[in-house]
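Here is how the chains run, residue by residue.
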Amino acid sequence: MGYARQSGLLLAVSGLSIALGMIFVRLSTTATHSSLLRSAASTGTTRRLASARAIFQRFPLHRHHSMSLASLPDQRAGFPCRSSARRSVHMRSEHEGSVRVRFAPSPTGSLHVGGARTALYNWLLARQNKDEGRFVIRVEDTDVARSTKESERSVLGDLEWLGLKWDEGPFRQSERGDIYKEMVMKLVESGHAYPCFATDKELEDAKAKALAEGKNAKYDGKWRDADPEVVQKMKDDGIPYTYRFKVPRGKVVSIDDSVRGKVSWDAEATLGDFILMRSTGIPALGYTPPEYAHLSLILGQDKQKLSKRHGATSVTQFKDEGFLPEAMINYLSLLGWNEGTDQEIYEVPELVEKFSLDRVIKSPAVFDMDKLRWINAQHIRDMDSKDLQQLIKPFFESPDSPLPTTPEFLQKATDISQQRMEVLADAPVIVREALGHPLSEALESENAKKLIDGDEKFEEFASTLISDFESGEMPKPSADGSYAKEFKTWAKALGKKTGRKGKGLFMPLRLLLTGRMQGPEVPDQISLAMAGAKDGVEIAVDLDKRVQNIRENFPVHSTA
């Protein structure tokens, strides 16, 4: 047909419960899940290709109630389900010809991390082939009741935020009805499909009965060999119907999966009249079979399918919490793939170079939030300070508790938080803590009491610190950026004056000047507080007020 030499690889997220028949099952479900790989390598050939999902959807003239097996809510015993754990898309060809991969998201909600991982693996393989690689987006929007333009914009926006820019599309299922109708009629004419008039209630009753008897809940084939005259009369009477694929009795389907090797399943027993496949293993529409690759599920820490109960699961949520797109790409790449080394931090160009399907693992991947946060922190620490300032700026603009976004304050806030935050949302928390001076509360803590009780000259040290401030020996932040160096010089002199060094000097100094036993560098906190006070931040305690707090807590040793 002019495109047989072009091949592709279908990547699917699947569980063993479906016997790895995902390419055929998930195509008929609601749009967030699977789609049929197109073998063609150019946009012109896409018109000749049909999606199995669309074939099982009701045609536009018969939308009142779908009788597809895909409409059933459970996948046990062969009934396709709406499981968000499975997704299939297109991946690269290992054969000659251009590489054309496809991701088919559903506009029925936000982009799930499982879908993001699938899109990423596709995108990586397309980018590996440079000018020959094409990453295609086709929106599965045939679930009319749940699909929205707002959701589509959200999903596409998430892909763009991740940096997974597509080369073609987005194509939309809802705009391709004529193509699917044409393909359905070819299947009917060739004897591979037939109209089915089973109602939703009949399907639900049959399913319930089969499950109660411990049998596979697959369609019973009532309309498979129905009298043509009866079929025509039903059509003439306007009875809604769908088309089903005829599965040869006893048909065993085998595929060579690029991740799992050769896998087989009993098509009739598992799915009933659903699969588009001849006994020769060639799709009935006559297209060259693609290569397949099935990804394993993503599980939560409890080893259950990742869901909302485990916390954030959508890309939008992670973005709003302050994860970097580079870190998300880094972490998602490791959810099911490892190059065989101990390396855990990757830049995107490295992943494009090193990713390969032969290192994709078969076992389920466990989503580890702590590891994701750690990876995000590493990427934050490697960022240019000016770039990071712009990223944390929106988190300072919260209407509930805004912080200044002046260049000076942002720069000092970045300096104090960059090495301590795990996500961008941590920055305002770290900054607010540094602005304050809760000395009185700190002195009541067990750690502070232990420090003071074990230091006979603590109050004398506090008195000397106050004297240095009053005499001007203690430096104050300046605009020339020399404060950290000046503070260090002064602290060293203070240590000689009081006979202290190491922790004996810096722990009391930290407690007195920051009101905390730990935190960012002391001069950074003071510098930030001074900038905040200048910008009118109410919670900012400048150096004068900090020394006043010390006086109030150690009145006997303070000087006038």
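Throughout, residues of each chain are indexed from 1 in the direction in which the sequence is written. The model is predicted, so local features are restricted to residues of pLDDT at least 70 and side-chain atom pairs to those at 80 or more, both for listing and for counting; the totals for chains, interfaces and linings are taken over all residues. To get the side-chain values, take all heavy atoms of the structure and skip hydrogens and water.

Explain the packing of helix α18 (residues 458–471) against helix α22 (residues 543–553) here, please?
The relative placement of two packed helices is expressed as an angle between their axes plus a distance between the axes. Note on geometry: axes are lines fitted to C-alpha atoms, helical ones only across the stretch in contact, with angles between N-to-C directions running from 0 to 180 degrees. Working definition: helices are DSSP H or I runs of at least four residues, strands are E runs of at least two. Numbering for both runs from the N terminus. Between α18 and α22, whose axes approach to 10 Å, the crossing angle comes to 145 degrees. For α18 against α22, the interelement crossing comes out left-handed. Between α18, through Ala462, Leu465, Ile466, Phe469 and Glu470, and α22, the contact on the second element is made entirely by Leu543, Asp544, Val547, Ile550 and Arg551. Among the residues forming the contact of α18 with α22, the class breakdown is 7 nonpolar, no polar and 3 charged. Left-handed describes a crossing in which the near helix is turned anticlockwise from the far one by less than a right angle; the clockwise case is right-handed. The contact definition used throughout considers only heavy atoms, calling two residues in contact when any of these lie within 4.5 Å. All residues other than Ala, Val, Leu, Ile, Met, Phe, Trp, Tyr, Cys, Pro, Asp, Glu, Lys and Arg, Gly among them, are scored as polar; the first ten of these are nonpolar and the last four charged.

Whenever I open this one, unusual backbone geometry confuses me. Can you help?
Residues Gly169 and Pro170 are joined by a peptide bond in cis, for which omega reads 5 degrees. Among the secondary structure elements, Pro170 is positioned in strand β5 (residues 168–172). In this structure, Lys130 takes a positive phi of about 50 degrees despite not being glycine. Topologically, Lys130 is positioned in the loop between α3 (113–128) and β4 (133–139). Here Lys130 falls in the exposed class, since its relative accessible area comes to 66%. Even without being glycine, Lys303 reaches a positive phi, approximately 65 degrees. Each residue's exposure class comes from its accessible area (1.4 Å probe, protein chains only) as a fraction of the maximum for that residue type: buried when under 20%, exposed when over 50%, partly exposed otherwise.

Would you explain the pairing of strand β7 (residues 242–245) in this entry?
Remember that side chains alternate between the two faces of the sheet whenever the strand is regular. Residues Thr242 and Arg244 line one face of β7 and the alternating positions Tyr243 and Phe245 line the opposite face, and both faces are buried. By this definition, two strands are paired if DSSP reports at least two bridges between them. Where strand β6 (residues 193–196) and β7 come together, 4 bridges link them in antiparallel fashion. Bridged to Ala193 within β7 is Phe245.

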